[in-house]
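Topology and contacts: notes
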Amino acid sequence: QVQLVESGGGLVQPGGSLRLSCAASGSIGDINLMGWYRQAPGKQRELVARIVSGGGTNYADSVKGRFTISRDNAKNTVYLEMNSLKPEDTAVYYCNADIRRRDLSYYDNYWGQGAQVTVSS
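Residues numbered from 1 in each chain as written. Predicted model: local features only at pLDDT ≥ 70, side-chain atom pairs only at ≥ 80, totals over all residues. Heavy atoms only, no water.

Turning our attention to the state of the cysteines. Disulfide: a covalent bond formed between the sulfur atoms of two cysteine residues. Tallied over the full model, the rule gives one disulfide. Across a sulfur-sulfur distance of 1.9 Å, cysteine 22 and cysteine 95 are joined as a disulfide pair. Its torsion about the S-S bond being 45°, the disulfide of cysteine 22 and cysteine 95 is classed as right-handed. Taken together, the positions of cysteine 22 in strand β3 (residues 18-25) and cysteine 95 in strand β9 (residues 91-101) put the pair 73 residues apart, joining distant regions of the chain. The buried category is assigned to cysteine 22, whose relative accessible area is 0%. On the accessibility criterion, cysteine 95 (0% relative accessible area) is buried. (Disulfide = S-S within 2.5 Å. Helix = DSSP H or I, 4+ residues; strand = E, 2+ residues; numbered from the N terminus. Buried < 20%, exposed > 50% of the residue type's maximum accessible area, 1.4 Å probe, protein only.)

Now for the packing of aromatic side chains. The full count for this structure, using the stated rule, is two aromatic pairs. Here tyrosine 94 and tryptophan 111 contribute two aromatic rings whose centre-to-centre distance is 6.5 Å and whose plane-to-plane angle is 85°, an arrangement assigned as edge-to-face. Highlighted residues: tyrosine 94 in strand β9 and tryptophan 111 in strand β10 (residues 107-111), separated in sequence by 17 residues. The structure contains a cluster of three or more aromatic residues connected by ring pairs, namely Tyr37, Tyr94 and Trp111. A cation over an aromatic ring shows up here: arginine 45 above the ring of tyrosine 37, its NZ or CZ 5.2 Å from the ring centre. (Phe/Tyr/Trp six-rings, centres within 6.5 Å; stacked < 30°, edge-to-face > 60°. Lys NZ or Arg CZ within 6 Å of the ring centre and 35° of its normal.)

Next comes the structure, spelled out in structure tokens:
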């Protein structure tokens, strides 16, 4: 019953901004790592950014200085603020999280459904 639901994708012009959200729901014990991946047509899925429960982050070199990942642990939600967007940022963005179900002692990995981000003039 645990799932990740993404929102906030859309069309934006180069240089513009967009914010993605991903909320986990269900019988959640706790969430460790949360992150964002993206996959462009014909390309391999790549890690964009990730954040640990304590707030530490890392980013792909291609988005450093432009994207910011954050999380609201009380809402079980991770965000990706994307600024200075470029056409090469166009992709389907997937959120990902390591989540421990309330009734289990270990973490499973979950994926969101994907959100299309298109950067074009």
